Each structure stands twice: as C-alpha cells, then as structure tokens.
Amino acid sequence: MKDSTKKLTLLALLAALTFVLGYFTKIPIPGGYFTLLDAGIFTTAMLLGKREGLIVGALAGFLNDFIAGYTAYMFFTLVIHGLQGYLGGVTKSKALNYVLATVVMVGGYFVADMFIVGSLAVALPDMAINAVQTSVGFVVALLLTEILKKSGALHGLKTN
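These figures come from a predicted structure and were not determined experimentally.

**Focus on the nonpolar core**
What tends to happen in soluble globular proteins is that the nonpolar side chains get buried as a cluster. One finds L11, L14, A15, L47, L48, V56 and L154 forming the largest nonpolar core, which totals seven residues. Elements with a contribution of two residues or more to this core: α1 (3–23) and α2 (37–48). If one sorts the elements of this core by residue count, α1 sits on top with three residues. Counting residues in hydrophobic clusters, the runner-up holds six residues, among them F42, A101, F138 and A141.

**Description of the packing of helix α5 (residues 94–116) against helix α6 (residues 120–151)**
Packing of α5 against α6 brings their axes to within 9 Å, and their N-to-C directions diverge by 150°. Comparing the axis directions of α5 and α6 gives the class roughly antiparallel. Crossing geometry of α5 relative to α6 is assigned as right-handed. Of the residues contributing to the contact of α5 with α6, the split by class is 14 nonpolar, five polar and four charged.

**Some words on α1**
The end-to-end C-alpha distance of α1, which contains 21 residues, comes to 30 Å, matching closely the 30 Å that a straight helix rising 1.5 Å per residue would cover. Taken as a whole, α1 has its buried residues at L11, L14, A15, T18, F19 and G22. All buried residues of α1 lie within an arc of 135° about the axis, which places them on one face of the element. Those residues of α1 that are buried are in contact with α2 and α3 (50–68).

**A look at α3**
Taking 1.5 Å as the rise per residue, α3 with 19 residues should run 27 Å; its terminal C-alpha atoms sit 26 Å apart, in good agreement. If you check which residues of α3 are buried, you get E52, G53, V56, G57, A58, A60, G61, N64 and D65.

**Side note on the side chain of N64**
Among the structural elements, N64 can be located in helix α3. Within polar-contact distance, the side chain of N64 engages the backbone oxygen of F19 at 3.3 Å. Side-chain polar atoms of N64 contact the backbone nitrogen of Y23, separated by 3.1 Å.

**Describing the environment of G85**
Within the secondary structure, G85 sits in helix α4 (residues 74–87). Residues G85 and D38, 47 residues apart in the sequence, show an inter-C-alpha distance of 8.5 Å. Beyond its immediate stretch of four places on either side in the chain, G85 contacts I41, A45, K50, G53 and L54.

**Thoughts on the UniProt feature "transmembrane region" (unreviewed entry) in the protein**
As annotated in UniProt, the feature "transmembrane region" (unreviewed entry) corresponds to residues 54–83, 95–121 and 127–148 in the numbering used here. Helix makes up 83% of residues 54–83 and strand 0%. Its end C-alpha atoms lie 6 Å apart. A distance of 31 Å separates the end C-alpha atoms of residues 127–148, which is 100% helix and 0% strand.

**Regarding empty space enclosed by the protein**
Counting across every chain of the model gives one cavity of 30 Å³ or more. Approximately 280 Å³ is the volume found for the largest cavity. Counting only elements with at least two residues in the lining of the largest cavity, the list comes to β2 (32–34), α3, α4, α5 and α6. By residue number, the principal contributor to the lining of the largest cavity is α6, which donates four residues. In terms of residue class, the lining of the largest cavity is made up of nine nonpolar, eight polar and three charged.

Reading guide: rules and limits
Residues numbered from 1 in each chain as written. Predicted model: local features only at pLDDT ≥ 70, side-chain atom pairs only at ≥ 80, totals over all residues. Heavy atoms only, no water. Core = buried A, V, L, I, M, F, W, Y, C linked by side-chain atoms within 4.5 Å. Buried < 20%, exposed > 50% of the residue type's maximum accessible area, 1.4 Å probe, protein only. Helix = DSSP H or I, 4+ residues; strand = E, 2+ residues; numbered from the N terminus. Axes fitted to C-alpha atoms, helices over the stretch in contact; angles between N-to-C directions. Parallel < 35°, antiparallel > 145°, perpendicular 65-115°, else oblique. Left-handed = near helix turned anticlockwise from the far one by under 90°. Nonpolar A, V, L, I, M, F, W, Y, C, P; charged D, E, K, R; others polar. Expected span 1.5 Å × (residues − 1). Arc of directions from axis to C-beta. Contact = heavy atoms within 4.5 Å. Polar contact = N/O pair within 3.5 Å; in protein donor to acceptor, adjacent residues only side chain to side chain. UniProt positions renumbered as here; feature names shortened; annotations may be inferred. 1 Å grid on protein atoms, 1.4 Å probe; cavity = no way out; pocket = protein on both sides within 12 Å on 5 of 7 lines; lining within 4 Å. Points joined across faces, edges and corners; volume = space filled by probe spheres on them.

Written out as structure tokens, the structure is:
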C-alpha cells in the first residue's frame with residue numbers, strides 16, 4: 001500500500017474516532033455542549049503534526065455540530081477546530097502549542113457566540129467552559145500520545 005493511501009486512511013480513521021469521541025462524550029450545557037473532541041484533535045496534532053491536526057479538527061468538529069443540530073456553528077467550528085488542530089502541532093513546544101490553540105478556540109467561539117447569539121451573557125460563560133474543555137482535551141491527549149507511543153500501536157508510522 002502506498003504511503004499516501006496509508007496516510008489518507010489513517011486520517012479518515014482518526015477523524016472518525018475523534019468525531020465518535022466528541023459525539024458520545026458530549027454533556028449538554030446552556031447554548032451548546034462540553035465534549036472530549038479536543039482530545040482527539042490534540043492527539044492527532046501531537047502524534048502526526050499540524051496539517052493532520054487541522055484536517056482531523058476541522059472534519060470531526062464540523063460533523064459533530066452538524067449531527068448534533070448546531071448547524072449555525074458548524075462553519076465556525078470547521079475553522080476554529082481546524083486552527084486548533086494546526087496550532088496543536090505548530091511548534092516543538094507542547095506548552096506553547098496548547099496556549100496558541102486555546103486562545104484560538106476560546107476566542108473563536110467567543111466571536112461565534114457574539115455573531116450567532118449576540119449576547120455577552122452567553123459568550124462570556126462559554127469562554128470559561130471552552131477553556132476547561134480544551135484544557136481537559138490537552139491533558140487527555142498528553143496521556144493518549146504516551147500510551148499510543150509505548151504500546152507499539154503506531155509501529156511503522158512517522159510520528160512527531
């Protein structure tokens with residue numbers, strides 16, 4: 001099997017797994033939901049890189065909003081989680097990547113809330129929820145990447 005076919009297959013699987021992780025762990029909150037989608041996005045970015053993080057983040061986030069019925073947010077989510085995935089693997093420093101990705105995710109959804117809902121009463125509390133969500137996702141990704149690397153599950157794949 002060609003390397004490009006393997007990579008495309010792997011990205012499709014990671015996007016599907018990230019979607020499932022996000023969809024089946026969602027906890028409804030006023031105006032949206034809390035999810036572990038970020039864990040899959042960060043894991044992909046940490047293991048495979050920024051471009052792969054972008055693809056998985058954009059696809060999985062978009063599909064989550066579409067399937068969950070948050071269609072007003074799905075194009076914002078495509079961009080926000082795509083950038084989160086890109087920034088999650090943009091430098092060698094996981095801490096810097098986390099900060100950059102969190103600023104984009106929290107700030108992006110603040111802008112989306114203001115555009116869609118137009119209310120600081122919704123947008124400000126969502127900032128705290130989004131900060132917790134991306135932080136939990138980052139910590140879970142740190143654990144998952146170590147487990148996956150040590151398990152040998154990624155044998156033969158080029159990882160970061």
